[in-house]
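Given next are the chains, with one letter for each unit.
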Amino acid sequence: MKVLKFGGTSVGSVENIKKVISIVETASTNDSVIVVVSAFGGITDKLLEAGKLASEKNSAFIGVFDSVKLRHLNAASQLNIEDQDIAQLHVYLNELEDLLKGIFYVNELSLRTKERLSAFGELCSSVIITEALKLQNLKAALKNATELIITSEGIKQNSVDFDVSNSNIREYFKNIPQPITIVPGFIASTPKGEITTLGRGGSDFTAAILAAAIVASELQIWTDVSGMFTANPRIVKQAKAIKSISYQEAMELSHFGAKVLFPPTIVPVMQKNIPIIIKNTFAPEEEGTIIRKETNANGNSVRGLSNIENIALLTLEGAGLIGIPGISKRLFETLSQQSINIILITQASSEHSICIGVLNENAEKAKLSVDFAFEYEIELGKMNPLLVETDLSIIALVGDKMKNHQGISGKMFSKLGENNINIRAIAQGASEKNISAVIAKKDVKKALNVLHERFFEDQRKQINLYIAGVGNVGTKLLDQITQQKQYLKENLNLNIRVVGITNSRTMYFDPDGIPLKSWEEKLLTGTATSIVGFTEKIIDLNKRNSVFVDVTASEEVANNYTDFLKNSIAVVACNKIACSSNYQNYKDLKYLATKYNAPFLYETNVGAGLPIIDTLNNLMASGDEILKVQAVLSGSLNFVFNNFKKGDSFHDVVKQAQLEGYTEPDPRIDLSGIDVARKILILARESGLDLELENVFNEPFLTDKNLKSSSVEHFYETLIEDDSHFQRLLESANANNAQLKYVAKLENGKPSVGLEEIPSGHPFYNLEGKDNIVLFYTKRYPEQPLIIKGAGAGGDVTASGLFSDIIRMRTY
Ligand code: ADP
Ligand code: ASP
Ligand code: MG
């Protein structure tokens, strides 16, 4: 004989009930079965809601009752059940209505009444499912669980009198004629015959009690997921079903929040060595999880992760605790008298404080009773009043074999630390089957995902990107990511996804990753953006390995880096403003990046995708010393002067450069030299100098009129007006057989930028198109400089520079 239990989600709708019928039909072909059913999904909550409303004299309870009634009657009619076959359902619904009215009149909802009320869900669902099975010509009969399962007097609501219950069950199932028996889950009787329940989620327990009593060959739990997962699949997308797990491990996971199994379920079946199989009603072909005595020996030492929400941490602290026996006894006794369940305990060996984790809802009661119990010590100042912190959660690693492996807790805590997740308390049972940590509720999703990645995912690292600015460079970056995604997954074990994007009008987020092929359409459907709103949302999403990518040229955006870094969100920027802002800000950002383990990378600030900053950093890190830097760092200016030939108007050349995308939207930023000044300033700072932008000597080649122009348009007009000035510059260079190049220098600690006539033979002379070149003269390269040369502007190369900074995240 087998026991099959179907949860609320499996019997949530007529569609689903049909799936249940087919599973039961298959299971009962060669064996007789007991089918335990939950209430239709969500009904127990509705019943309690109606009861609460009624007890508050709120007549809205009638509406809730009507919806409950309608759901059952509709289900029955859609399953083609004749009205005469569900007379019992009508009886229950009438009783329920009377009970709710009674609560409304007396204005009170006692525990006993609450139990009776919540039992109606299973009473009703079991009638409908039995009739639906009979309609398929299956030989099914209904047996009310209240006639079988009896609780113990006066103790906790879900403690079962196994002697009486077992004998009732054995007696009933000794000679049953029908192959299929339907039993409502969750409900039971008190010894006085009053209806009660086994606690929320208790249908699993009903099934286990029945299975153990008749020593079933197996207990099948049919639910909405394909087994017990390595973590709650609703929180961790990458979680996988665990094939096989021991009773102990499953017990530990369910006690620590894996709702898929009601915690007391395991003990009765474990004692009889009956396997539990967790299966998915909606994917019955999937293997599911088998819970049994032993698991296969070569499994992962960490079996699963789980979490308990709504935890409060109570800390009893004070010199009065040290070396005085009996304090913890008094503390625990006090909590036990108040029926407060203790979930976690830690005590430092200094004995200066004891820390206890309880459910949030018990915190206030605990505070009052503990402060009262220790009133004397508190008054004498030997102890502080109980400190209560709420809105916390417990996360736990579970596995039988963890004890044989060193370093698991080390990995766990370092991963949490790297991701800026603050740990409030730690507990590890001596059995080492469980390592728990108390953290803020807001960090749970991130923590579980980070730990899941660490312990279960072949070390594939997930990187979550937020991209601000999707113009020329941003679009190219998204194209490159789309193209390389698979390669990175296969070759670098890196999973890159874009979670948020914004332009200057709208922002769009998809916590599971924006489908990259349609990001443009998605962004059109986004919400109004602001950098503050974008930042808040990113911080709020609190995803691990988050990277903010700044592809704007906005100062406002650059001002937000601090917020990102402080939240352990890495920053990758081609925006130069932050690194060329005041020195203190540049230093602070670097400091925050180290402190919060969030890289701040800006290789594209100088020379687009060329590895200039990286090379400089490596020279510095390996102990070299920068003596001199000479460089052509503006692809835009290089493009302009390479194309400026005798007979051309300077205006037209600049216009062409802008049209081809080689200048900033405002070409004055390039032509005034400010852009190059920022770049040499950044190189100077990276080589260890404490300098400001004002310290960069900049002799402009533009005329006063050009520099004082009031708009981009006006600027272009002044270029025409002052064309002769530019012609003179060109003529002089031609006469000297030289090329005009805009050069940046760092010499004797002094940075400068300006237009120069470069004689033939000089490494800059033949620099083409939009190329950049940097000559590093260092202690190790004193005469022949280390030269980096190549395309230093353009969407593709800048995007690829950003992309390589993003990929570098894999080593952090
Ligand atoms: P039922 O109505 O069938 O009793 P429950 O809602 O009680 O179903 O339990 C199933 C749910 O448990 C899943 O949908 C899932 O969200 C949650 N859950 C939490 N932790 C785990 C886990 N480790 N493995 C599988 N499911 C889990
Ligand atoms: N219907 C009950 C509940 O919602 C019992 C169960 O589904 O296991 O808690
Ligand atoms: Mg359940």
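Everything in this summary refers to the structure shown in the same document. Remember, predicted model here, so these are calculated numbers, not experimental data.

1. Some details on the packing of helix α2 (residues 43–55) against helix α3 (residues 61–78)
Right, so step 1: The contact between α2 and α3 brings their axes to 8 Å, and the two run at 155 degrees. It follows from the interaxial angle that α2 and α3 lie roughly antiparallel. The crossing of α2 and α3 is left-handed. Facing I43, K46, L47, E49, A50, L53 and A54 of α2, the residues of α3 in contact are F61, V64, S67, V68, R71 and H72.
Right, so step 2: Looking at side-chain class alone, the contact of α2 with α3 contains 8 nonpolar, 2 polar and 3 charged residues.

2. Here we look at a negative patch on the surface
Right, so step 1: Together, D479, E520, E521 and D796 make up a negatively charged patch on the protein surface.
Right, so step 2: Relative to the helices and strands, E520 resides in helix α17 (residues 519–524).

3. What about the pairing of strand β12 (residues 344–347)?
Right, so step 1: Burial of β12 is one-sided: the residues L344 and T346 facing one way are buried, the residues I345 and Q347 facing the other way are not.
Right, so step 2: Of the strand pairs in this sheet, β12 and strand β13 (residues 353–359) are connected by 4 bridges, and their pairing is antiparallel. Across the sheet, the residue bridging to Q347 is I354, located in β13.

4. Describing the site of ligand 2
Right, so step 1: Surrounding ligand 2, one finds S38, A39, T44, E122, F186, R200, G201, G202 and S203.
Right, so step 2: T44 has a polar side-chain atom sitting 2.8 Å from a nitrogen atom of ligand 2.
Right, so step 3: In this structure, G202 approaches ligand 2 through a main-chain N or O atom, which is 3.4 Å from an oxygen atom.
Right, so step 4: About the coverage of ligand 2: the protein hides 85% of its 260 Å² of free accessible area.
Right, so step 5: The residue inventory of the shell around ligand 2, partitioned by class, reads 2 nonpolar, 5 polar and 2 charged.

5. Let's talk about the sheet that holds strand β27 (residues 750–759)
Right, so step 1: As summarised here, the arrangement of the 6 strands in space is β25-β27-β26-β24-β28-β29, forming an open sheet in which the pairing is mixed. Of all the strands in the sheet, just β25 (697–699) and β29 (786–791) have a single pairing partner and so form its edges. The mean angle between the axes of side-by-side strands here comes to 20 degrees, regardless of whether they run parallel or antiparallel.
Right, so step 2: Pairing between strand β24 (residues 626–632) and strand β26 (residues 738–747): 4 bridges, direction antiparallel. Residue K628 lies in a different strand from β26, and its bridge partner there is E747.
Right, so step 3: Against the sheet, helix α22 (residues 612–621) engages β24, β28 (771–778) and β29, with an angle of about 10 degrees to β28.
Right, so step 4: Packed on one face of the sheet, helix α26 (residues 674–686) meets β24, β25, β26 and β27 and runs near 35 degrees to β26.

6. Let's talk about the nonpolar core
Right, so step 1: Formed by 122 residues in total, the largest nonpolar core has its most connected members in I395 and M412.
Right, so step 2: When near neighbours in sequence (up to four residues on either side) are disregarded, I395 contacts S306, N307, M412, L416, I435, S436, A437, I439, V444, A447, L448 and L451.
Right, so step 3: If you look at the next biggest cluster of nonpolar residues, it comprises 76 residues, including I538, V654, L671 and A744.

7. Focus: the sheet that holds strand β14 (residues 387–398)
Right, so step 1: Strand order in the open sheet formed by 6 strands is β12-β13-β11-β14-β16-β15, with antiparallel pairing between adjacent strands. Strands with a single pairing partner mark the edges of an open sheet, and in this sheet they are β12 and β15 (423–428). Neighbour to neighbour, the strand axes of the sheet diverge by 30 degrees on average, direction disregarded.
Right, so step 2: The sheet contact formed by strand β11 (residues 304–317) and β14 spans 9 bridges and is antiparallel. From the neighbouring strand, L305 faces β14, where its bridge partner is L397.
Right, so step 3: Sheet contacts for helix α15 (residues 444–456): β11, β14 and β16 (434–440); angle to β11, the most-contacted strand, approximately 125 degrees.

8. A look at the packing of aromatic side chains
Right, so step 1: On inspection of all chains with the given rule, the structure shows 22 aromatic pairs.
Right, so step 2: Their ring planes at 90 degrees and their centres at 6.5 Å tell us that F650 and F701 sit as a pair that is edge-to-face. Here F650, found in helix α24 (residues 650–659), pairs with F701, found in the loop between β25 and α27 (704–707); they are 51 residues apart in sequence, far enough to count as distant.
Right, so step 3: For the ring pair F650 and F726, a centre distance of 4.1 Å and an interplane angle of 15 degrees mean the geometry is stacked. A residue pair is termed long-range when its members are at least 10 positions apart, and F650 in helix α24 and F726 in helix α29 (residues 723–735) qualify at 76 residues. Across the pair, exposure class does not vary: F650 and F726 are buried alike.
Right, so step 4: The positively charged end of R454 is found above the aromatic ring belonging to F455, 5.9 Å away from the centroid.
Right, so step 5: A cation over an aromatic ring shows up here: R685 above the ring of Y586, its NZ or CZ 5.2 Å from the ring centre.

The rules behind the values
Residues numbered from 1 in each chain as written. Chains lettered and ligands numbered in written order. Predicted model: local features only at pLDDT ≥ 70, side-chain atom pairs only at ≥ 80, totals over all residues. Heavy atoms only, no water. Axes fitted to C-alpha atoms, helices over the stretch in contact; angles between N-to-C directions. Helix = DSSP H or I, 4+ residues; strand = E, 2+ residues; numbered from the N terminus. Parallel < 35°, antiparallel > 145°, perpendicular 65-115°, else oblique. Left-handed = near helix turned anticlockwise from the far one by under 90°. Contact = heavy atoms within 4.5 Å. Nonpolar A, V, L, I, M, F, W, Y, C, P; charged D, E, K, R; others polar. Patch = residues over 30% accessible without salt bridge, like charges linked within 9 Å, V, L, I, M, F, W, Y side chains within 5 Å. Areas by Shrake-Rupley, 256 points an atom, 1.4 Å probe, with all protein chains shown as cover. Salt bridge = Lys/Arg side-chain N within 4 Å of Asp/Glu carboxyl O. Lys, Arg positive; Asp, Glu negative; His and termini not counted. Charge placed at Lys NZ, Arg CZ, Asp CG, Glu CD. Buried < 20%, exposed > 50% of the residue type's maximum accessible area, 1.4 Å probe, protein only. Pairing = 2+ DSSP bridges. Near = heavy atom within 4 Å. Polar contact = N/O pair within 3.5 Å; in protein donor to acceptor, adjacent residues only side chain to side chain. Core = buried A, V, L, I, M, F, W, Y, C linked by side-chain atoms within 4.5 Å. Phe/Tyr/Trp six-rings, centres within 6.5 Å; stacked < 30°, edge-to-face > 60°. Lys NZ or Arg CZ within 6 Å of the ring centre and 35° of its normal.

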